[in-house]
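Results of the structural survey
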Amino acid sequence: MQGKGKTRDAAVLWAIREAVWRTIGTWIDSKTRIQENRDKVVAQIKTITEADVRSFEVMDTQVQNGGFIVKVRVSVSKKKIAPKFAKVFPDVFTLD
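What comes next concerns the included structure. (Residues numbered from 1 in each chain as written. Predicted model: local features only at pLDDT ≥ 70, side-chain atom pairs only at ≥ 80, totals over all residues. Heavy atoms only, no water.)

Tracing the backbone shows Ala-11 in helix H1 (residues 8-27). Note on Ala-11: relative accessible area 0%, which makes it buried. With 57 residues separating them along the chain, Ala-11 and Phe-68 place their C-alpha atoms 6.2 Å apart. Excluding its chain neighbours within four sequence positions, the residues that come into contact with Ala-11 are Gly-3, Lys-4, Gly-5, Phe-68 and Val-70. (Helix = DSSP H or I, 4+ residues; strand = E, 2+ residues; numbered from the N terminus. Buried < 20%, exposed > 50% of the residue type's maximum accessible area, 1.4 Å probe, protein only. Contact = heavy atoms within 4.5 Å.)

Structural data, given as structure tokens:
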């Protein structure tokens, strides 16, 4: 996943959040459901931190136009992010 930011850490966080966004899209069976709940999903994505993914590894870092571009390998765990998305999609992210 690629991330951009003013700092390296901000770019890494962007990449992690992008990975979570894409992964959620694969778990939710309908793009319509994602769009109907877009504001709620975006709000939860903004709360994602490094602790919410199983693991991540920065593969490449570049400095460009005063900012950072990183390539990050991210492993997203459904169990780890379930608490943040259970209210939006309870049928997909059960907490049991």
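Evaluated as defined, the whole model comprises five salt bridges. Its salt-bridge partner being Glu-18, residue Arg-22 comes within 3.0 Å of it at the nearest N-O pair. Taken together, the residues span about one helical turn, with Arg-22 and Glu-18 both in helix H1 at a distance of four residues. A residue is classified by how much of its surface remains accessible, and Glu-18, at 24% relative accessible area, is partly exposed. Of the charged contacts, one joins Arg-73 and Glu-57 as a salt bridge, the two residues approaching to 3.6 Å between their closest N and O atoms. Of the two residues, Arg-73 is situated in strand E3 (residues 67-75) and Glu-57 in strand E2 (residues 55-64); the sequence distance between them amounts to 16 residues. For Arg-73, a relative accessible area of 52% translates into the label exposed. (Salt bridge = Lys/Arg side-chain N within 4 Å of Asp/Glu carboxyl O.)

On to the packing of aromatic side chains, then. Pairs of aromatic rings are described using the distance from one ring centre to the other and the angle between the two planes. Enumeration over the complete set of coordinates arrives at two aromatic pairs. Between Trp-27 and Phe-93, the ring centres sit 5.8 Å apart and the planes meet at 75°, which makes this aromatic pair edge-to-face. Of this pair, Trp-27 sits in helix H1 while Phe-93 sits in the segment after helix H4 (78-85), placing them 66 residues apart in sequence. For the cation-ring pair, Lys-78 lies above Trp-27, with the distance from its terminal atom to the ring centre recorded as 5.5 Å. (Phe/Tyr/Trp six-rings, centres within 6.5 Å; stacked < 30°, edge-to-face > 60°. Lys NZ or Arg CZ within 6 Å of the ring centre and 35° of its normal.)

This part covers the side chain of Asp-52. Mapped onto the fold, Asp-52 is located in the loop between helix H3 (38-45) and E2. Under the relative-accessibility criterion, Asp-52 is labelled buried at 12%. Polar contacts involving the side chain of Asp-52 include one to the main-chain amide nitrogen of Thr-49, which spans 2.9 Å. (Polar contact = N/O pair within 3.5 Å; in protein donor to acceptor, adjacent residues only side chain to side chain.)

Another aspect to go through is unusual backbone geometry. If you check the backbone angles, Asn-65 has positive phi at about 50° while not being a glycine. Considering the arrangement of structural elements, one finds Asn-65 in the loop between E2 and E3. A residue is classified by how much of its surface remains accessible, and Asn-65, at 82% relative accessible area, is exposed.

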